[in-house]
Every structure is written in structure tokens, then in C-alpha cells.
Amino acid sequence: MRAVWAIARTTFIEAIQQPVAFLMYLFSVALTLLVPVFQFHRFSEDGRLARDSGLSCMLVFGMALAVCTAGRSVSKEIADGTAASVLGKPVPRPVFVCSKWLGCALVTAMFCLGQLAALMIAERASAHYVLREDFNGYATDPISLILALGGLGLALLAGAARHFFGRHRFGASVFFGVLYSQVAVLLFSGFYNRLGQFYPVHGEAACCEHHAAGEAAHALFYHPELNLRVIPAALLVFFGLLVFAALGTALSTRMRTGTVLAVCAGVLFTGLAGDTLFNGSSLLSFRGAVSGVLPDLQNFWLCDAIAHGGRISPGYVWLAGGYALTVCTVFLLAGCMAFQNRDVG
Amino acid sequence: MSNNDVSDLSQCPIVIRGLRKTFLDFWRRPTVEAVKGLDLTVRRGEVYGFLGPNGSGKSTTIKMILGLLRPTAGTIRVLGEAPDSVKAKRKIGYLPEISHLHPFLTPRETLMYYADLFGMPKREAKRRVAELIDMVDLAAAADRAVGGFSKGMARRVGVAQALINAPELLILDEPTSGLDPIGTREVKDLVRMLAQGGVTVLMTSHLLADVEDVCDRVAIVSHGVLQAEGTIGELLRQPDVVRFGVEGLDDESAAKLREMIERHVGHPVAQDYPAISLEAFFLQVVAKEGKTREFKLAPYLERSDK
Ligand SMILES: Nc1ncnc2c1ncn2[C@@H]1O[C@H](COP(=O)(O)OP(=O)(O)OP(=O)(O)O)[C@@H](O)[C@H]1O
Ligand SMILES: [Mg+2]
């Protein structure tokens, strides 16, 4: 068990060391946070644009990160010879493959967490209609945005400082810096309202619009004005990314990174377009085979379900989780089998 | 040259019979036949030198012993188990031909990583790592990333990682490549000390003088075929040659003596003035500068409870 954790951790550290990892993270979070700033029109629903683009960023950049990390996980170790060193120790090959996937899953999880925080900040910060006795109109929350964007800058600075003073790894520091800063801003934003007033706010504006008059009498110190319904949607995206991490890991036992990326892109495309492509096709069996073998990404993309106050039921999340786990298991099993007789050295 | 003189094969740490390895390309066409029917037996407690020219299949054989490469044909038993047996690998230490290390880890982290792969308890691992770092003389660089290490320094990390589990069987692929004469001497001392403690060692090297110094038996392969095998004494002794070494003999007496011997044996006799080896000279010079230290085995390797 300790071996699993050691390999996963080393994979994780190596992955976040790669400039592409923290750059992708920074870019994705920054893009998400900038949406409310450059939002010139709004959909029928406040904050929807920020939320949807945040989830899209999570999917697109997360996919790139997961597949890049997984695609080089095994092949790079074989090419570098470190796989030979590890397999010369008492580590069964399947344990090695699964631990590599676990490392990639860890990277993906860290990415999704920070990205989720950023998109919740962005959603809260984008213009919402506020109707109160002392305020009536659209209010944005620039404080959270400034703090979150400043957090990104701070993460870079902290990474440089840690590298300069303590020889700590820059990439890893920035990666964690982005995560910590976004989560910290998210938690901190509960101390003030959209109008930038710190709680407890006295007078008529003491409380946000949802609260009954009776409750307003209580002094309120902490009230996160967040849309928690986005969490299951993000969780589903995370599941989808795990599937692709498993696919990438499995492929990288036999292919080079470039080939893995190409194949993953192909699977992604077919998985997304599969329904349209093969719809009404007379090759019923072919369509069945494709949808049976390829992971159906539609299952993990439920952006529309949370629009207009909609919810994703916990049952569905469990179901999707089970589906993701099954597909991951199948991919990893195939990967282990492909790796079992591969020459390493 | 045969292995049949070994009475109980099950007691031998490495038994190889009829080993073949043909590398295949992407389309599974054969490219190189690296090993062609190799028989090899390494006995318990001996230091076995595995020699041969470049590309003769030494590293390939070693990788097959460790289960990294799959043999095309033939059988391998390592410590009584199949090559990829986890049970056998718990007792094996392996130093690859090139020290492949994660460039972003420090020596300490690297060794802790390998200790983790053995599932070693943290405290024990920490102690062993500290002792090993001391042993391979890397204390000054223990917290720098190995990516920036010189070849010899990386090699030292490699040697240390091979010993983390106090192995019963140590497989060293060119352990001295890239090491300075002091490091080379230390590796030789290390091998000798471990062998005294009952560890079986299989090593390859192109430095034949080193092999001669430490190995009990050697095998020479060429083009994947075993060409010669035996103890150093057996292979190198010239039974009909005698050499004297005399100190403080003047030229005149030397000439007289030579004449006498030549008359006795009836043909000319070679006479030379031996010099000390460059290695000995190097070590003398560095010793004067105070750069050498006495090599000490990591204490945990000396304990007999392994
Ligand atoms: N992964 C591989 N794929 C294809 N051919 C290989 C591979 N590894 C080794 N070979 C070939 O097998 C032969 C033996 O190589 P090997 O590395 O075992 O030689 P060696 O005896 O260790 O040589 P050296 O003294 O240079 O280390 C060589 O011809 C080499 O080109
Ligand atoms: Mg070699």
C-alpha cells in the first residue's frame, strides 16, 4: 500500500512540476475569473455565463491536463528508465499502472477543486439583480474578483519566493498556490455581501433577499452567497476526467505520449459526437459497439440541468460515479494486460 | 566450463538455462538476437563477474533476471522463484546500467521513495537512508535535486538505492562507470565487505582490473554466447611461469642471476622494473591532500538479522 502511495505521489509531484500543468491551471482559472469582467450581455439567468464557461474550462483544460499527465505517465518512465528501477523493486506491474493512474487522478482532483472554487467565485461575482430597500438593480462583486485574481498573482510571487529562499519547486508551489488562493477567497467571500458590505450589516440591508424579515433581526456574520448546485455538476466533470486519465494511462503502457494524445482526442470526439454521427445509421450493431466501448461524455456534462434553479439528484451523481468507476476499471485492466508482457528497459 | 559441477541447483541464487532473447520491432519482426542460449549458475555467497564486449547481451541478461524483459526462450530461477516474483525481489538489490533517477527529487527523497516501494516502516527507512547517504559520501548534496548531479554523484545514489533493502542478492550493472578512483575503490570495498557478510553479487564491468580484484568467478560472453567461465585463478593462472620480485638488487647481480636462470631453463628470460599502478598513485596523491576517508559499510548492512 505504501508503494502505491509512493508511486502516485511521485507521479503527482512530477506532473505538477511540468510547466504545462501550472500554466494550464493558471490560464483556466484566470479565464474563468475574467468572464464576469468582460461580460457584455447576460442570459436569462444571472451568473449563468460565468458558471457555464467555468465548467467548460474545467472540462477542456482538465481534459488536456489529465490526458497529458496520464499520456506520459508510463511511457515517459519507460523511456527514462525509471520504470525499470521501480519494477526492479517488489512492485507488481498492475500496481505500478494503477498507481500511475492514481497520481494522475490526484492532479485532476486538485485542478478541479481550484477550478470549482474559481467558477463559484466568478458566478457569485458576476452581475446579479438585487432588490432591497436600499438597493435596486444589478450588483457585481468586484471585491471577490480582485481578491481571486490577486491570489493568482500572489501564487506566482509565492512560488518565486519559495524557490528563491527555500529552493522549493516553483511549478509545484504555483500549482498549490492557485488552489489555496481560490479556496481561501471562496471561503472569505462569506464575510461580505455582493454590495461589498461586511457582515454584520445593520439596517435594512442586513440580509440578503432570501431571508424572511424575522431572521433579519439576527446579526449575520457569515453568509456565502454561492450557488452550491454547481458542485454536483463539477463532480460529474471530474468523473469524466478520471475516465480519460484512465484511458491515457492504459494507452501509455504501449504508446508514446503523442500517440496517446491523438487517440484520446479521437475517443473524445467520437464520444461527444457519437450520438449525432451514428444516429439513424443502419449500422445498428456498429453504433451499439461504439457506444458500448467508448465512454459517453454526455453523461458527465449536465450544465443545462442546473440552469434556472435546477438540481442534479444525488442518485444521478452516484450512478455516474459508478459508471465512471466501471469504465476506469475496464481501461486500467486493459492497460495492465497490455503492460504485463511489455519489455521495460 | 560446464555448470554441472553444482550439486544442488535449488541452493543457487541464479540459475539460467538455455536463455534466448530476440528483440522485436513494432511489427513484431526480429531485430536483434541479443542472447543466444545462455547457461549460467551463480552460487550462494560468491562474487560473480559477468564480462563481455559492448552489445554482447550482458545488460539484456540482467534485465531478464529481474523480469524487466521477457525471455524469448529458456528458464530463469532467481532465489528459487520466477524473475518477476515479488517475493524474490524483496531480497534483490539492482543497480541499472545507467542511474535512472527522478531529476526533481533529492537523494534523500529518492532513497525514501525506494524504501517506500519495499513498504519499509518510516523510522527504519529514515535510519537506513541516513546511513546510506553517509556511506556513499553524499551528505553535502543530500538535499539538492539529483537532476543537477554529476554522473558519478548520480551513480552513488544508484548504488545506495540498490542497498536499501539489505539485499541477499546484489546485481550491479557496471557499478563503477562514471566513478572516480576513490569511488571505484569504495565500490570494490563495498562488494568485498558485503560478500564477506554472505551476500551474493553478480556484476558486470569493463574495468577488468576491478573484476580481477573482487570477483570469485567470471563468465565471458560474446554475441550472446558464453565463451568462458571459471574462477579467476583457474582462468588466469599460467602454471608454467614463475615470477620473482626482488627489492634492492643492483644491476650487476641482476644480470648474473638472469644468466644463471637462463642457463638452467635453456631459453631467454624476461626482466622488468614494475611501477606502481596509476590507481595506487592517484590514491596516494589524494590521500596527501586529505581527500580520502576510510570506507565504512552502512551499519544496518552489517547486522546479521537481515
Ligand atoms: N530495448 C532494446 N531494443 C532493441 N535492441 C536492444 C534493446 N536493448 C538492447 N538491445 C540490443 O541487444 C544487444 C545487447 O545489448 P546489451 O545492452 O545487453 O549489451 P551489453 O553487453 O550490456 O553492452 P554494454 O557493455 O555496452 O553495456 C545490442 O545489440 C543492443 O543493440
Ligand atoms: Mg550493458
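Bear in mind the structure is a predicted one, so any value in this text is a computation, not a measurement.

Enquirer: What should I look at first to understand the overall build of chain B in this one?
Expert: On a plain count of helices and strands, chain B comes out with 11 helices and 9 strands. Dimensions of chain B, computed from C-alpha atoms along their principal axes, come out at roughly 70 × 50 × 40 Å. Buried residues in chain B amount to 47% of all 306 residues. Here the analysis covers contacts within chain B between residues at least 6 apart in sequence; of these, 69% occur between residues at least 24 apart. Put simply, chain B has 41 plus and 41 minus side-chain charges, and the middle of one group is 7 Å from the middle of the other.

Enquirer: When you look at the domain arrangement of chain B in this model, what are you seeing that I'm missing?
Expert: Think of interface size as the accessible area that goes away when the parts come together; that is how it is often given. As far as domains go, chain B holds domain 1 (9-237 + 279-302) and domain 2 (243-274). Between domain 1 of chain B and domain 2 of chain B, the C-alpha centre-to-centre distance is 44 Å.

Enquirer: Help me out: how do you make sense of the coordination of the magnesium ion (ligand 2) in this one?
Expert: Each pair of donors in an ideal four-coordinate tetrahedral metal site encloses 109.5 degrees, whereas pairs in an ideal six-coordinate octahedral site enclose 90 or 180 degrees. Distances from the magnesium ion (ligand 2) to its protein donors, B:S59 (OG) and B:E97 (OE), fall within 1.9 to 2.1 Å. Taken together, the residues B:S59 in helix α1 (residues 58-65) and B:E97 in the loop between β5 (92-95) and α3 (107-117) connect sequence positions 38 residues apart.

Enquirer: Just to check I follow, could you spell out the pairing of strand β7 (residues 200-204) of chain B for this structure?
Expert: Consecutive residues of a regular strand have side chains that alternate between opposite faces of the sheet. All names here are of chain B. Counting buried residues along β7, 5 of its 5 residues qualify, which places the element largely inside the surrounding structure. The two faces of β7 match: T200, L202 and T204 on one face and V201 and M203 on the other face are all buried. Sheet topology places strand β3 (residues 47-51) next to β7; 4 bridges connect them, and they run parallel. Across the sheet, G49 pairs through a bridge with M203, a residue of β7.

Enquirer: What's the story with the sheet that holds strand β4 (residues 73-78) of chain B in this structure? I'm lost.
Expert: Consider a sheet: its strands pair through backbone hydrogen bonds, and that pairing is either parallel or antiparallel. All names here are of chain B. Taken in spatial order, the 3 strands of this open sheet run β2-β1-β4, and their pairing is antiparallel. Each edge of the sheet is formed by a strand with only one pairing partner; in this case those strands are β2 (30-42) and β4. Adjacent strand axes in the sheet meet at a mean angle of 25°, parallel and antiparallel pairs treated alike. With 5 bridges joining them, strand β1 (residues 14-24) and β4 adopt antiparallel strand pairing. Note on β4: the bridge partner recorded for R17 is T75. Along the sheet, α1 makes contact with β1, β2 and β4, crossing β1 at roughly 115°.

Enquirer: I keep staring at the site of ligand 1 and nothing clicks. Help me out?
Expert: Contacts to ligand 1 come from 15 residues, most closely from B:K58, B:S59, B:T60, B:E97 and B:H206. Near ligand 1, residues from chains A and B are present, making the site a shared one. In the model, an oxygen atom of ligand 1 is placed 2.9 Å from a nitrogen or oxygen of the B:N54 side chain. Contact distances for ligand 1 include 3.3 Å between an oxygen atom and a side-chain N or O atom of B:E174.

Enquirer: Would you mind showing me how to read the side chain of B:K188 here?
Expert: Residue and element names in this part refer to chain B. Looking at where K188 falls in the secondary structure, it is placed in helix α6 (residues 181-196). K188 sits in the buried class, given a relative accessible area of 4%. Beyond its immediate chain neighbours, meaning those up to four positions away, K188 contacts D210, D213, V214 and E279.

Enquirer: What should I look at first to understand the environment of B:R243 in this one?
Expert: Position of B:R243 among the secondary structure elements: in the loop between α8 (232-236) and α9 (251-265). Between the alpha carbons of B:R243 and B:I92 there is a distance of 42 Å; along the sequence they are 151 residues apart.

Enquirer: It is not clear to me how the packing of aromatic side chains should be interpreted in this structure. Could you clarify?
Expert: The geometry of an aromatic ring pair is captured by two quantities: the separation of the ring centres and the angle between the planes. Enumeration over the complete set of coordinates arrives at 16 aromatic pairs over all chains. Residues A:F27 and A:F61 carry aromatic rings whose centres are separated by 5.6 Å and whose planes lie at 70° to one another, so their mutual orientation is edge-to-face. Of this pair, A:F27 sits in helix α2 (residues 19-34) while A:F61 sits in helix α3 (residues 48-80), placing them 34 residues apart in sequence. Measuring from centroid to centroid gives 6.4 Å for A:F238 and A:F239, while their planes differ by 40°, and the two rings are tilted. Three or more aromatic residues joined by ring pairs make a cluster, and in this case those are A:F12, A:Y25, A:F111, A:F175, A:F176 and A:Y180. Positioned over the ring face of A:F339 is A:R93, at 5.3 Å from the centre of the ring. The ring of B:F23 carries B:K21 above its face, with NZ or CZ at 5.4 Å from the centroid.

Enquirer: Help me out: how do you make sense of unusual backbone geometry in this one?
Expert: Leaving glycine aside, a negative phi is the common case for residues, and trans is the common case for peptide bonds. Residues and elements named next belong to chain B. Despite not being glycine, E174 shows a phi value in the positive range, around 50°. Relative to the elements of secondary structure, E174 occurs in the loop between β6 (169-173) and α6. Phi at H223 takes a positive value of approximately 50°, unusual for a residue other than glycine. As for its placement among the helices and strands, H223 is situated in the loop between β8 (217-222) and β9 (225-231).

Enquirer: Would you mind going over the pattern of salt bridges with me for this structure?
Expert: Between side chains of opposite charge, pairing is possible as soon as their charged atoms come close. Residue and element names in this part refer to chain A. With the rule as written, the count across this model stands at 30 salt bridges over all chains. Residues E14 and K76 are paired through a salt bridge, measuring 3.4 Å at the closest nitrogen-oxygen approach. Separated by 62 residues along the polypeptide, E14 in helix α1 (residues 2-17) and K76 in helix α3 bring together distant segments of the chain. Judged by its relative accessible area of 10%, E14 is buried.

Enquirer: Would you explain the state of the cysteines in this entry?
Expert: By definition, a disulfide links two cysteine residues through a covalent bond between their sulfur atoms. Taken as a whole and judged by the stated rule, the model has 0 disulfides over all chains. No disulfide involves A:C68; its sulfur sits 9.4 Å from the nearest other cysteine sulfur, which is in A:C264. On the basis of relative accessible area, A:C68 is assigned to the partly exposed category, the value being 24%. For the unlinked cysteine B:C12, the closest cysteine sulfur is that of B:C215, found at 17 Å. Overall, B:C12 belongs to the buried group, its relative accessible area being 6%.

Reading the values: the criteria
Residues numbered from 1 in each chain as written. Chains lettered and ligands numbered in written order. Predicted model: local features only at pLDDT ≥ 70, side-chain atom pairs only at ≥ 80, totals over all residues. Heavy atoms only, no water. Helix = DSSP H or I, 4+ residues; strand = E, 2+ residues; numbered from the N terminus. Buried < 20%, exposed > 50% of the residue type's maximum accessible area, 1.4 Å probe, protein only. Contact = heavy atoms within 4.5 Å. Lys, Arg positive; Asp, Glu negative; His and termini not counted. Charge placed at Lys NZ, Arg CZ, Asp CG, Glu CD. Domains from an automatic or database assignment. Donors = N, O, S within 2.8 Å, 3.2 Å for Na, K, Ca; no water. Pairing = 2+ DSSP bridges. Axes fitted to C-alpha atoms, helices over the stretch in contact; angles between N-to-C directions. Near = heavy atom within 4 Å. Polar contact = N/O pair within 3.5 Å; in protein donor to acceptor, adjacent residues only side chain to side chain. Phe/Tyr/Trp six-rings, centres within 6.5 Å; stacked < 30°, edge-to-face > 60°. Lys NZ or Arg CZ within 6 Å of the ring centre and 35° of its normal. Salt bridge = Lys/Arg side-chain N within 4 Å of Asp/Glu carboxyl O. Disulfide = S-S within 2.5 Å.

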